[in-house]
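# Fold and contact review
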Amino acid sequence: MKYSALSFALVALLFGSVTATAQKKVLKRLEACAVVLKEILGAPDQGVPQELLDRAECVGVFPSTKKLAIGFGISYGRGAFVCRKNNGRGPWGPPAMYGLGGPGIGFQLGGRSADFVLLIMNPKGMQSLLKSKFKLGADLSAAAGPKGRTLEAATDATMGAEILTYSRTRGLFAGISLEGNVLKQDDKANRKLYGRKIKATDILLNGNVSTPAAGQQFVQLLRKYSPKNISNTSEPRRPNTASSGAR
């Protein structure tokens, strides 16, 4: 009996240690999302066009996505999405964890790892995030996003896409196609982040949970850079203050 009790205690201790380590990884991943987003949004004349950011329903960041040394270059990364509350009209809500995978994503830029930023541009795209998984370019339209502070480089295809995608490798930031790749809810990571089993609907759509400490910077950055969604409204585009030092 003593041995059984000791064995049980050791197993419980080991399980608790593994769980704590896994939770720490999720928190660090969320913090890394904020770092990537801050660097990209703060890049003068090279980042995401302000008007696109102001029209986005959701923003996803996948830091340090790596190329796996198998087959023909399958890649996989983990990150998070944040959406505006109240069907895209309210403030930015809490983050939900996701996985992004597919054939050789992002490595056309000449590196073995890449950061990705994805903009969900309409309600259909936002609803897709509530599915367990979906394929870019098949379940909804995706396009490489234009960069810079204006939309001069945008095309009709870009403006009509439901998801716009960007990649940064070795400091080079550019729009890049992720068609054929799959976005999938990371249920295990969400459970570790919120301490219970929770649906993406409750996180992203309803915003019925509080933003965890590790996700505060991510959310606050979006509230700072894009406090309002101007899609389908008569509101003018927010003035570009990047060059004035206000941002």
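Values in this document were obtained by computation on a predicted structure and should not be read as measured data. (Residues numbered from 1 in each chain as written. Predicted model: local features only at pLDDT ≥ 70, side-chain atom pairs only at ≥ 80, totals over all residues. Heavy atoms only, no water.)

### Focus on the nonpolar core
As a reminder, the rule being used: Within this scheme, the nonpolar core is defined by two criteria: the residues are buried Ala, Val, Leu, Ile, Met, Phe, Trp, Tyr or Cys, and they are joined through side-chain atoms within 4.5 Å. The buried label goes to any residue with under 20% of its type's maximum accessible area, the exposed label to any with over 50%, and the partly exposed label to all in between, with areas taken from a 1.4 Å probe on protein chains only. Elements are defined by DSSP. Helices are runs of H or I of four residues or more, strands are runs of E of two residues or more, and each kind is numbered from the N terminus. For this analysis, residues touch if any pair of their heavy atoms sits within 4.5 Å.
Membership of the largest hydrophobic core comes to 62 residues, with the highest contact counts inside it found for Val-59, Phe-81, Leu-118, Leu-119, Leu-129 and Phe-218. Take this core: its biggest share by element is eight residues, from helix α1 (residues 2–41). Setting aside residues up to four positions removed in sequence, Leu-118 forms contacts with Cys-58, Val-59, Gly-60, Phe-62, Phe-81, Leu-136, Ile-163, Leu-164, Thr-165, Leu-178 and Leu-183.

### Some words on the side chain of Thr-165
Going by this rule: Any pair of N or O atoms that falls within 3.5 Å is considered a polar contact. Within protein, one atom must be able to donate a hydrogen and the other to accept it, and sequence-neighbouring residues count only if both atoms are side-chain atoms.
Topologically, Thr-165 is positioned in strand β7 (residues 163–169). Among the polar contacts made by the side chain of Thr-165, one reaches the main-chain carbonyl oxygen of Ile-176 at a distance of 2.4 Å. Setting aside residues no more than four positions away along its own chain, Thr-165 makes contact with Val-117, Leu-118, Ala-143, Ala-144, Gly-145, Gly-175, Ile-176, Ser-177 and Leu-178.

### Quick notes on the pattern of salt bridges
Put simply, the rule reads: By convention in these notes, a salt bridge is any Lys or Arg side-chain nitrogen within 4 Å of a carboxyl oxygen on Asp or Glu.
Considering all chains together, one arrives at six salt bridges under this definition. Arg-29 is the salt-bridge partner of Asp-186, the closest N and O atoms lying 3.6 Å from each other. With Asp-186 in the loop between β9 (182–185) and α6 (187–194) and Arg-29 in helix α1, the pair connects residues that are 157 residues apart, well separated along the chain. For Asp-186, a relative accessible area of 12% gives the class buried. Across the salt bridge formed by Glu-51 and Arg-55, the nearest N and O atoms sit 3.1 Å from each other. Pair noted here: Glu-51 and Arg-55 are both in helix α2 (residues 50–55), with a separation of four residues, about one helical turn. By relative accessible area, Arg-55 is classed as partly exposed at 24%. A single salt-bridge network, built from bridges that share partners, covers Arg-29, Arg-78 and Asp-186.

### Quick word on the environment of Leu-222
Positionally, Leu-222 belongs in helix α8 (residues 216–225). Take Leu-222: its relative accessible area is 0%, and that puts it in the buried class. With 181 residues separating them along the chain, Leu-222 and Leu-41 place their C-alpha atoms 9.2 Å apart. Not counting chain neighbours up to four residues away, the residues in contact with Leu-222 comprise Leu-37, Leu-53, Val-59, Val-82, Trp-92 and Pro-227.

### Examining the packing of aromatic side chains
Formally: Only Phe, Tyr and Trp rings take part, Trp by its six-membered ring, and two of them pair if their centres are within 6.5 Å. Stacked means planes under 30 degrees apart, edge-to-face means over 60, and tilted covers everything else.
For the structure shown, the criterion picks out three aromatic pairs. For the ring pair Tyr-166 and Phe-173, a centre distance of 5.2 Å and an interplane angle of 10° mean the geometry is stacked. Phe-173 matches Tyr-166 in its accessibility class, with the two residues each being buried. Following the ring pairs from residue to residue traces out a cluster consisting of Phe-62, Phe-81 and Tyr-98.

### Topic: the pairing of strand β8 (residues 172–175)
Applicable threshold: Strands are treated as partners if at least two bridges between them are detected by DSSP.
Pairing of β7 with β8 involves four bridges; the strand directions are antiparallel. Across the sheet, residue Ser-167 finds its bridge partner in β8, namely Ala-174. What sits between the antiparallel neighbours β7 and β8 is a turn of two residues, in which Arg-170 has the positive phi angle 55°.

### Quick look at the state of the cysteines
Applied cut-off: By disulfide we mean two sulfur atoms from cysteines, separated by a distance within 2.5 Å.
Tallying each qualifying case throughout the model produces one disulfide. With its sulfur 2.1 Å from that of its partner, Cys-58 forms a disulfide with Cys-83. When the S-S torsion is 105°, as for the bridge of Cys-58 with Cys-83, the disulfide is right-handed. Here Cys-58, found in strand β1 (residues 58–67), pairs with Cys-83, found in strand β2 (residues 74–84); they are 25 residues apart in sequence, far enough to count as distant.

Interpretation note: all reported values are geometric properties and have no functional meaning in isolation.
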